[in-house]
Amino acid sequence: MQAEQDTPQWREAYRARAGVEGTVSQAVRGPGLRRSRYRGLAKTHLQNVLTGIAINIRRLGTHFDTTTRPNRRPTRIHTLCTQHGIATAA
């Protein structure tokens with residue numbers, strides 16, 4: 001499995017999966033998509049579609065936001081790794 005994960009084809013497939021996983025995670029954490037407010041397939045489907053629209057609008061707002069945000073301070077583990085010369089992901 002580790003040798004397979006070093007191939008460009010696997011990385012390309014995983015890149016697509018990672019994008020979808022992020023979207024699903026955002027939908028579950030924010031509006032609580034795991035549970036439906038309504039009974040019935042039609043109403044549940046409508047809720048899911050409206051949730052998707054809301055997520056897209058929020059992402060568009062974040063994309064076009066021009067205000068600069070201050071950088072977050074580094075975590076303690078990041079500071080410790082930097083002090084000891086251990087490589088950290090940027």
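All figures in this text were calculated on a predicted structure; none of them were measured in a lab.

Trainee: Mind showing me how you'd approach the side chain of glutamine 47 here?
Mentor: You can see glutamine 47 is positioned in helix 3 (residues 41-63). Residue contacts for glutamine 47: discarding those within four places in its chain leaves Arg35, Ser36, Arg37 and Tyr38.

Trainee: Would you mind going over the packing of aromatic side chains with me for this structure?
Mentor: Working definition: an aromatic ring pair is given by the centre-to-centre distance plus the angle between the planes. Scanning the model with the defined rule gives 1 aromatic pair in all. Here tryptophan 10 and tyrosine 14 contribute two aromatic rings whose centre-to-centre distance is 5.1 Å and whose plane-to-plane angle is 10°, an arrangement assigned as stacked. One end of the pair is tryptophan 10 and the other is tyrosine 14, both in helix 2 (residues 8-29) and 4 residues apart, which spans about a single turn.

Trainee: Help me out: how do you make sense of the packing of helix 2 against helix 3 in this one?
Mentor: To characterise two packed helices, one gives the angle between the axes of the helices and the distance between these axes. Where helix 2 meets helix 3, the closest approach of the two axes is 11 Å, and the angle between their N-to-C directions is 105°. When the axis of helix 2 is compared with that of helix 3, the two are roughly perpendicular. Contacts between helix 2 and helix 3 pair Gly22, Thr23, Gln26 and Ala27 from the former with Ile55, Arg58 and Arg59 from the latter. Its residues assigned to classes, the contact of helix 2 with helix 3 comprises 2 nonpolar, 3 polar and 2 charged.

Trainee: So what exactly am I meant to see when it comes to a nonpolar patch on the surface here?
Mentor: Where nonpolar side chains cluster on the molecular surface, the patch consists of Leu46, Val49, Leu50, Ile53 and Ile57 and spans about 450 Å² of accessible area. Mapped onto the elements of the fold, isoleucine 57 is located in helix 3.

Cut-offs applied
- Residues numbered from 1 in each chain as written.
- Predicted model: local features only at pLDDT ≥ 70, side-chain atom pairs only at ≥ 80, totals over all residues.
- Heavy atoms only, no water.
- Helix = DSSP H or I, 4+ residues; strand = E, 2+ residues; numbered from the N terminus.
- Contact = heavy atoms within 4.5 Å.
- Phe/Tyr/Trp six-rings, centres within 6.5 Å; stacked < 30°, edge-to-face > 60°.
- Axes fitted to C-alpha atoms, helices over the stretch in contact; angles between N-to-C directions.
- Parallel < 35°, antiparallel > 145°, perpendicular 65-115°, else oblique.
- Nonpolar A, V, L, I, M, F, W, Y, C, P; charged D, E, K, R; others polar.
- Patch = residues over 30% accessible without salt bridge, like charges linked within 9 Å, V, L, I, M, F, W, Y side chains within 5 Å.
- Areas by Shrake-Rupley, 256 points an atom, 1.4 Å probe, with all protein chains shown as cover.
- Salt bridge = Lys/Arg side-chain N within 4 Å of Asp/Glu carboxyl O.

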